[in-house]
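Overview (structure and organization)
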Amino acid sequence: MKKSVGLAFYLLLSCGFLAAQNRILVDAAHAKDTINRNIYGHFAEHLGRCIYGGFYVGDDNKRIPNRNGIRLDIVEALKKLKTPVLRWPGGCFADTYHWKYAVGPKDKRKHIENVSWGNVREDNSFGTHEFLELCEMIDAEPYLAVNMGSGTVQEAVDWVHYVNHANGSGHMADWRMQNGRSTPWKVKYWGIGNESWDCGGAMTADYYVNEYKKYATLMTNYSNTEGLFRIAVGPGTEDYNWTETVMKEVPARRIEGLSIHHYSVINWSKKGSATQFTEDEYFRTMEQAWRMEPFVKKNSEIMNKYDPRKRVALIVDEWGGWYDAEPGTNGAFLYQQNSMRDAMIAGLTLNIFNNHCDRVKMANLAQTINVLQAVILTKEEKMILTPTYHVMEMYNVHQDALMLPLHVASNDYTMSEKSLKAVSASASRDKNGEVHISLVNIDHLKTQEIEIDLGDISARTVTGRILRSGKIQDHNSFESPEKVKPAVFNGAVLKDHTLKLALPSCSVVVLTLN
């Protein structure tokens, strides 16, 4: 017999039972939305050592195993992560990038100055062919960001023709074949501009919309029968007028996605250390991470006004922690370490995306390697996996699974008279019938006792994995690459339709029910 979940939850709240214990109700009866695998996407920009010295070590490199210059240990790590989609070439870099400079024989490619990130010289040895080969190697969908800032509509049209159109269809397809690719790649995802309100051209919303409509119309045929998924620029702060303008003024037949950006930054002028941070800085970072919830919710509400059928996807194609660059490194390269604080950001944020999967259809962590909240760090031949990598690997069980709605009543995590919810959660049922529940306790001091009412779900066994460490500042280094890694979690007790567990401080747990 199905429960009235709303009434049951209200009674639990009113009886005061939750004062000392967190309570979660699983509302499987109302499950209807699928968690799009692309929520677990990544972002690779020509920035610091993300591409050169990260993904790409050069096809003449004899020390680091590679295929056509693409580093093979990174390929294997990203395949294990089940990386579904990869965004490239930017970021701010995208609006100065001219793709034609980076195709054809490498000794003939035009060298450029990366004015977005450190004014370094790049030889364009990693271009469209190399990126799309990388995507094929890691089984990821490519997501190309078009240069609206300094490019032209014709340049974007040519790029679509070059990568997507059939052999013999025109001179762009002929050029592709001359450059060694015998078949089109059929790239689906196209971002039109990047942060056009700032580094992408300092545009107003009205100006951007007029430019966007030209690109979105001309990059494909009138009816878009080739199925391009065109993603418009949305806000990077709570500028909801931008969202309103795009959704109101762009015809529905010209847009498939709207992007937003949010970084968990406590002070843009003084971001703080990635590892040497105080408890107060940790709490303030968690405040910023929790801001993703109302940011997604409010943008979704505006989109619902103009798109009640939810045809247009909300795309969070930049998110993560952002701190000061590591001492002794180039500040423009944004190289930072990755601690248990970042694991908390990842777990909390991915739970938010899962729970809003009716509208959020893609997200791209910034960035994949050696930049910002990276999942991989490299140092010459060495490679390490960060705590964020481990969270995303633990959570990949949710990809393409049915989201199970949760009602969560959480204790507060309090510091200096400010409070946040200590517990974050999401749940899903995969195609094999397994139920997965992901739990995060951002409180760095207190264990959280949790009781989970499974409702109509019948399970015989529960297993789990946990990511935790002794201190919130703990991280993996090249000297100690496995200081933080997942372990077996045996702390969940299943009895009838109830799960009970103690969730340790500053930890991420993923449970599997059979």
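Attention in this report is confined to the structure presented alongside it.

Let us now look at the sheet that holds strand 13 (residues 360-366). Strand order in the closed barrel formed by eight strands is 2-5-8-9-10-11-12-13, and the pairing between neighbours is parallel. Strand-to-strand twist of the sheet, defined as the mean angle between neighbouring strand axes without regard to direction, takes the value 25 degrees. Bridge count between strand 11 (residues 257-264) and strand 12 (residues 313-321): seven bridges; the pairing is parallel. In the sheet register, His261 faces strand 12, and the bridge partner there is Glu318. Seen against the sheet, helix 6 (residues 205-218) touches strand 8 (141-146), strand 9 (189-192) and strand 10 (229-233) and runs at an angle of roughly 165 degrees to strand 10.

Here we come to unusual backbone geometry. Of the consecutive residues Trp88 and Pro89, the connecting peptide bond is found in the cis state with omega at 5 degrees. Following the sequence through the fold, Pro89 ends up in the loop between strand 5 (85-88) and strand 6 (112-114). In this structure, Gly91 follows Gly90 across a cis peptide bond, with omega equal to 10 degrees. Counting through the fold element by element, Gly91 comes out in the loop between strand 5 and strand 6. Positive phi, normally seen in glycine, also occurs at Glu195, with a value near 45 degrees. Note on placement: Glu195 falls in the loop between strand 9 and helix 6. Within the chain, Asp496 stands out as a residue other than glycine whose phi angle is a positive 55 degrees. Note that Asp496 resides in the loop between strand 25 (493-495) and strand 26 (498-503).

Two numbers describe how helix 10 (residues 340-355) lies on helix 11 (residues 387-395): the axes approach to 8 Å, and their chain directions differ by 30 degrees. When the axes of helix 10 and helix 11 are compared, the pair comes out roughly parallel. Of the two possible hands of crossing, helix 10 and helix 11 adopt the one that is right-handed. Contacts from Met340, Asp342, Ala343, Ala346, Gly347, Leu350, Asn351 and Asn354 of helix 10 reach helix 11 at Pro387, Thr388, Val391, Met392 and Tyr395. Residue composition of the contact of helix 10 with helix 11, by class: eight nonpolar, four polar and one charged.

What follows is about the packing of aromatic side chains. Considering all chains together, one arrives at 22 aromatic pairs under this definition. When the centroid spacing of 6.1 Å and the interplanar angle of 5 degrees are considered together, the rings of Trp99 and Trp159 count as stacked. Of the two residues, Trp99 is situated in the loop between strand 5 and strand 6 and Trp159 in helix 4 (residues 153-164); the sequence distance between them amounts to 60 residues. As far as the burial class goes, Trp99 and Trp159 line up, both buried. What links up through ring pairs into an aromatic cluster is the set Tyr52, Tyr56, Trp88, Phe93, Tyr97, Trp99, Phe126, Phe131, Trp159, Tyr162, Trp175 and Trp190. Positioned above the aromatic ring of Phe43 is the side chain of Arg87, whose terminal nitrogen or guanidinium carbon lies 4.6 Å from the ring centre.

As a further point, take the environment of Asp174. The topology assignment puts Asp174 in helix 5 (residues 171-178). Sequence spacing of Asp174 and Tyr162 is 12 residues, and the spatial spacing of their C-alpha atoms is 8.3 Å.

Calculation notes
- Residues numbered from 1 in each chain as written.
- Predicted model: local features only at pLDDT ≥ 70, side-chain atom pairs only at ≥ 80, totals over all residues.
- Heavy atoms only, no water.
- Pairing = 2+ DSSP bridges.
- Helix = DSSP H or I, 4+ residues; strand = E, 2+ residues; numbered from the N terminus.
- Axes fitted to C-alpha atoms, helices over the stretch in contact; angles between N-to-C directions.
- Contact = heavy atoms within 4.5 Å.
- Parallel < 35°, antiparallel > 145°, perpendicular 65-115°, else oblique.
- Left-handed = near helix turned anticlockwise from the far one by under 90°.
- Nonpolar A, V, L, I, M, F, W, Y, C, P; charged D, E, K, R; others polar.
- Phe/Tyr/Trp six-rings, centres within 6.5 Å; stacked < 30°, edge-to-face > 60°.
- Buried < 20%, exposed > 50% of the residue type's maximum accessible area, 1.4 Å probe, protein only.
- Lys NZ or Arg CZ within 6 Å of the ring centre and 35° of its normal.

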